[in-house]
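The lines below spell out each chain.
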Amino acid sequence: MSSVPGEQALERVIAARVREYRLAAALSVAELARRSKLSKAMLSKIENAQTSCSLSTLSRLAGGLGVPVTALFRGVDDEREAVFVPAGHGARILRHGNRVGHLYELLGTLRGGHRRMEPMLVTLSEPAEVFPLFQHEGTEFLYLLEGVLEYGHGEARYLLRPGDALMFDGLGPHGPVRLIELPIRFLSITAYGSHDGP
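Residues numbered from 1 in each chain as written. Predicted model: local features only at pLDDT ≥ 70, side-chain atom pairs only at ≥ 80, totals over all residues. Heavy atoms only, no water.

Asker: So what's going on with the overall build of the chain? Residues and values would help.
Answerer: A tally of helices and strands in the chain yields 4 helices and 8 strands. Along the chain, helices (α) and strands (β) appear in the sequence α-α-α-α-β-β-β-β-β-β-β-β when read from the amino end. Residues counted as buried form 37% of the 198 residues belonging to the chain. Long-range pairs, those at least 24 residues apart, make up 63% of the contacts in the chain between residues at least 6 apart in sequence. Summing over all exposed atoms, the chain offers an accessible surface of approximately 11,900 Å²; the carbon and sulfur share of this is 55%. (Helix = DSSP H or I, 4+ residues; strand = E, 2+ residues; numbered from the N terminus. Buried < 20%, exposed > 50% of the residue type's maximum accessible area, 1.4 Å probe, protein only. Contact = heavy atoms within 4.5 Å. Areas by Shrake-Rupley, 256 points an atom, 1.4 Å probe, with all protein chains shown as cover.)

Now the structure itself:
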């Protein structure tokens, strides 16, 4: 059996697919071995991820199962990046307004396919008369969790209550206009395109 981790993962995927297709076709190991012109011992090793298959073996297996060869690789690339942030453990982001009770907590960031998405939990706990305005590339989505807030985007003003959502172009000047009911918490998700930056 190969000692290369990537190959072991490939062997496990092929083993799972061969067994899955064999059982779906109601074939015994002996019957599939006969159809594929392989020994029962070899097929058993394949189904238990104890050997690496040559391309000719994979071709015979696929023929015996009546599926394309590519079907035996289904699931090889299913692993994708994920970010888990336990409650209260997001990275604190320094921004204008931190010193007056505005907390920006980054909940994770993923970069893939030339795109980036940043979710942030924003907590406004102190009254303030002057608010920072933000402008950035990408599209931003806000979802109010707690409190009541008047939020501005360009010349428009929006009254947000828990459960309300607002989505807008980040290049328009935006930010809180009036804190009506404290504390205020909202989820902010910014999606950047292939050429955008933060």
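Next, the rest of the story.
Asker: Could you give an account of the packing of aromatic side chains, with specific residues and numbers?
Answerer: According to the stated counting rule, one finds 2 aromatic pairs in the structure shown. The interplanar angle of 80° and the centroid separation of 6.2 Å between the aromatic rings of Tyr151 and Phe186 together place this pair among those described as edge-to-face. Here Tyr151, found in strand β5 (residues 139-153), pairs with Phe186, found in strand β8 (residues 174-192); they are 35 residues apart in sequence, far enough to count as distant. Of the residues examined, Phe186 reaches a relative accessible area of 5% and is grouped as buried. Aromatic rings pair up to connect Tyr151, Phe168 and Phe186 into one cluster. (Phe/Tyr/Trp six-rings, centres within 6.5 Å; stacked < 30°, edge-to-face > 60°.)

Asker: Any details on the environment of Pro183? Residues and values, ideally.
Answerer: Secondary-structure assignment places Pro183 in strand β8. Among all residues touching Pro183, those that are not within four sequence positions of it are Leu124, Glu146 and Gly147.

Asker: Could you give me a rundown of the packing of helix α2 (residues 29-36) against helix α4 (residues 55-65), with the residues and numbers involved?
Answerer: The N-to-C vectors of α2 and α4 enclose an angle of 115°; their axes lie 8 Å apart at closest approach. Every pair of crossing elements has a handedness; the one defined by α2 and α4 is right-handed. Each of Leu32, Arg35 and Ser36 in α2 lies in contact with α4, whose residues at this interface are Arg60, Leu61, Gly64 and Leu65. A class-by-class count of the residues in the contact of α2 with α4 yields 3 nonpolar, 2 polar and 2 charged. (Axes fitted to C-alpha atoms, helices over the stretch in contact; angles between N-to-C directions. Left-handed = near helix turned anticlockwise from the far one by under 90°. Nonpolar A, V, L, I, M, F, W, Y, C, P; charged D, E, K, R; others polar.)

Asker: Break down α2 for me, citing the residues and quoting the values.
Answerer: Within the span of α2, buried status applies to Leu32, Ala33 and Ser36. The buried residues of α2 all sit within an arc of 105° when viewed along its axis, so they share a single face. Of the residues trailing α2, Lys37 is marked for its positive phi of about 60°. (Arc of directions from axis to C-beta.)

Asker: How would you summarise the side chain of His174 if you had to cite specific residues and measurements?
Answerer: Structurally, His174 can be placed in strand β8. By relative accessible area, His174 is classed as buried at 0%. Polar contacts involving the side chain of His174 include one to the side chain of His136, which spans 3.2 Å. Ignoring any residue separated from it by four or fewer positions in sequence, one finds His174 in contact with Pro132, Leu133, Phe134, Gln135, His136, Glu140, Tyr151, Gly152, His153 and Phe168. (Polar contact = N/O pair within 3.5 Å; in protein donor to acceptor, adjacent residues only side chain to side chain.)

None of the figures reported here should be taken as evidence of function without further support.
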